[in-house]
Amino acid sequence: MAKHIGILTAGGDSPGLNAAIRAVGKAAERSFAMNVIGFRDGFRGLVENRTVRLNGSALSGILTIGGTILGTSRDKPHRMPMGGRELDMTEVIIANYHKHNLDALVCLGGGGTMKNAYHLMQHGLNIITLPKTIDNDVAMTDVTFGFDTALGIATEAVDRLHSTAHSHHRIIVLEVMGHNAGWLALGAGLAGGADVILIPEIPYDVHSVADAILKRSQGGKGFSIVVVSEGALSTEAAAHLAELEAARAAAESKKERKAIKAQIEAFRLEQLNNTMRLTRQLEELTRLESRLTILGHLQRGGTPSAVDRLLATRLGTAAAELIEQEVYGVMVAARGEGAEPVPLEQVAGKRRVVPLDHPWIRSARLIGVNLGD
Ligand code: F6P
């Protein structure tokens, strides 16, 4: 009997999503004679039963297009805003899954999607996930698709900022995305030849950064490029966060834990606006004119790189093969040149940050890049 599969994309969009949808869909249809439908706007489309038939013509011409033809949202199955209230829509999702006679649901997403997909798996659905995010922070995979494209865009920004920083003898701070992982900042900073790179994994001391810039200036380099991850924290902020985390771990009641969690979230949100403060501090400490560039969603938009197209195609076709073999409850991870199923329970709720002994960190230190410590 021909299998029926559903595909959805959830979380922030990422270059390579359409390449992955195409790969799953074409392999499923052409090689295994499966019927494929897409759900619009992430898990919300599954609740509201908004579908699109993903046949040959729908899958044609999308390989090079950015974003996702299915649309996306950050809605969670068990806490979905519905008419002004947050409701658990898990049962509705299960009913719609069966209504479409699905044999499997393919969820393309990042860390949040892995958790949501795992939740549906625990409720008995056959789930397969693919790791996408420009942040590159999904656990148990070598890499996520979207990262290479964003890395290229951020690196080009560093390149372009060099000439204007150099001409004006300025400090230019470039804020890049990455959530609480420093892959994008470290990669783009290193590839673009930044003088300072600040990532969430290494709390920074603004005086150490200012000293490094002043040394450059005394050595005749009147400009500096500082690449900062949006999640980077000063040593003071990191210490405060550690205190809050310790208080949360020690909290005796659920109510207390919830209140501290809200404080942590509010503090992290406040820190997101930190790069303007850092830019001002560096100007004051070095007396060098400073400017801030926030790259924002430019990093997520537009056509995927060849590397991301290849990765998305490799993982997407592997997903179709796994469904044919009825291997469910897994994320299709990138491993070396191949793809490997990893049980979802090993992925959900985990995040892959930059290890402090990562070769990129070692290389950055060896060539004299200041990492803020
Ligand atoms: O997870 C991808 C990401 O681009 C992060 O780097 C960033 O923190 C976040 O999404 C931004 O989300 P939104 O587009 O919802 O503002």
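Residues numbered from 1 in each chain as written. Predicted model: local features only at pLDDT ≥ 70, side-chain atom pairs only at ≥ 80, totals over all residues. Heavy atoms only, no water.

## So, the pattern of salt bridges
Thinking step 1. On inspection of all chains with the given rule, the structure shows 17 salt bridges.
Thinking step 2. With a closest N to O distance of 3.0 Å, Arg44 and Glu48 form a salt bridge. Here Arg44 and its partner Glu48 are both found in helix α2 (residues 43-48), four residues apart, which amounts to about one turn of the helix.
Thinking step 3. In this structure Arg44 comes out as buried when scored by relative accessible area, which is 16%.
Thinking step 4. Between Arg248 and Glu245 there is a salt bridge, with the nearest N and O atoms lying 3.7 Å from each other. Remark: Glu245 and Arg248 occur in helix α9 (residues 235-250); sequence separation between them is three residues, near one turn of the helix.
Thinking step 5. By relative accessible area, Arg248 is classed as partly exposed at 26%. (Salt bridge = Lys/Arg side-chain N within 4 Å of Asp/Glu carboxyl O. Helix = DSSP H or I, 4+ residues; strand = E, 2+ residues; numbered from the N terminus. Buried < 20%, exposed > 50% of the residue type's maximum accessible area, 1.4 Å probe, protein only.)

## Some remarks on the packing of helix α8 (residues 206-218) against helix α11 (residues 274-286)
Thinking step 1. Here α8 crosses α11 at 55°, and the two axes come no closer than 10 Å. With respect to each other, α8 and α11 are oriented oblique. Note on packing geometry: the crossing formed by α8 with α11 is right-handed. Contacts between α8 and α11 pair Val206, His207, Val209, Ala210, Ile213 and Leu214 from the former with Leu278, Gln281, Leu282, Leu285 and Thr286 from the latter.
Thinking step 2. Across the contact of α8 with α11, the residue classes tally to eight nonpolar, three polar and no charged. (Axes fitted to C-alpha atoms, helices over the stretch in contact; angles between N-to-C directions. Parallel < 35°, antiparallel > 145°, perpendicular 65-115°, else oblique. Left-handed = near helix turned anticlockwise from the far one by under 90°. Contact = heavy atoms within 4.5 Å. Nonpolar A, V, L, I, M, F, W, Y, C, P; charged D, E, K, R; others polar.)

## Here's the deal with the environment of Asp142
Thinking step 1. Among the secondary structure elements, Asp142 is positioned in the loop between β7 (127-131) and α6 (147-168).
Thinking step 2. Given a relative accessible area of 37%, Asp142 falls into the partly exposed group.
Thinking step 3. When the C-alpha positions of Asp142 and Pro131 are compared, they lie 10.0 Å apart, and in sequence the two are 11 residues distant.
Thinking step 4. Among all residues touching Asp142, those that are not within four sequence positions of it are Asn136, Ala334, Arg335, Gly336 and Arg352.

## Structural notes on the sheet that holds strand β10 (residues 224-229)
Thinking step 1. A sheet is described by the order of its strands in space; here four strands give the open sequence β9-β10-β8-β11, paired in parallel fashion. Pairing within the sheet leaves two strands with one partner each, and these edge strands are β9 (196-198) and β11 (290-294). Taking the axes of each pair of neighbouring strands and ignoring which way they run, one obtains an average angle of 15° across the sheet.
Thinking step 2. Bridge count between β9 and β10: three bridges; the pairing is parallel. Paired with Ile197 across the two strands is Val227, which belongs to β10. (Pairing = 2+ DSSP bridges.)

## Section: the pairing of β10
Thinking step 1. In terms of burial, β10 is a largely internal element, six of the six residues being buried.
Thinking step 2. Covered by surrounding structure in β10 are Ser224, Val226 and Val228 together with Ile225, Val227 and Ser229, the residues of both alternating faces.
Thinking step 3. Here strand β8 (residues 171-176) runs beside β10; their pairing, made up of six bridges, is parallel. Bridge pairing in β10 links Ile171 to Ser224.
Thinking step 4. On the question of chirality, the crossover connecting β9 to the parallel β10 by way of α8 is right-handed. (Right-handed = clockwise from strand over helix to strand, strands pointing away.)

## Structural notes on the packing of α6 against helix α7 (residues 183-192)
Thinking step 1. At a minimum axis separation of 8 Å, α6 and α7 run at an interaxial angle of 45°. The angle between α6 and α7 places the two elements in the oblique class. With respect to the hand of their crossing, α6 and α7 are arranged in right-handed fashion. Here Phe147, Ala150, Leu151, Ala154, Thr155, Val158, Asp159 and His162 of α6 come into contact with α7, specifically with Trp183, Leu184, Gly187, Ala188, Ala191 and Gly192.

## Topic: the site of the ligand
Thinking step 1. Around the ligand, the neighbouring residues are Arg74, Ile134, Asp135, Met177, Gly178, His179, Glu230, His297 and Arg300.
Thinking step 2. Taking Gly178, its main chain carries an N or O atom lying 3.1 Å from an oxygen atom of the ligand.
Thinking step 3. For the ligand, an oxygen atom lies 2.8 Å from a polar atom in the side chain of His297.
Thinking step 4. When the ligand is considered free in solution it has 400 Å² of accessible area, and contact with the protein chains removes 69% of it.
Thinking step 5. A class-by-class count of the residues in the shell around the ligand yields two nonpolar, three polar and four charged. (Near = heavy atom within 4 Å. Polar contact = N/O pair within 3.5 Å; in protein donor to acceptor, adjacent residues only side chain to side chain. Areas by Shrake-Rupley, 256 points an atom, 1.4 Å probe, with all protein chains shown as cover.)

## Focus: the sheet that holds strand β2 (residues 35-39)
Thinking step 1. Read from one edge of the open sheet, seven strands run β3-β2-β1-β6-β7-β12-β13, paired in mixed fashion. Every other strand in the sheet has two partners, leaving β3 (51-53) and β13 (338-343) as the edge strands with one partner each. Ignoring which end each strand starts from, the neighbouring axes of this sheet average 30° apart.
Thinking step 2. The sheet contact formed by β2 and β3 spans three bridges and is antiparallel. Its bridge partner being in β3, Phe39 is matched across the sheet by Thr51.

## Re the side chain of Gln299
Thinking step 1. Here Gln299 is to be found in the loop between β11 and α12 (306-324).
Thinking step 2. Taking relative accessible area as the criterion, Gln299 reaches 0% and is therefore assigned buried.
Thinking step 3. At 3.0 Å, the side chain of Gln299 and the backbone nitrogen of Met177 are in polar contact.
Thinking step 4. A polar atom in the side chain of Gln299 sits 2.7 Å from the backbone oxygen of Gly296.
Thinking step 5. Not counting chain neighbours up to four residues away, the residues in contact with Gln299 comprise Ile134, Ala150, Ile153, Ala154, Val176, Met177 and Leu184.

Everything listed is a geometric property; what it means functionally is a separate question.
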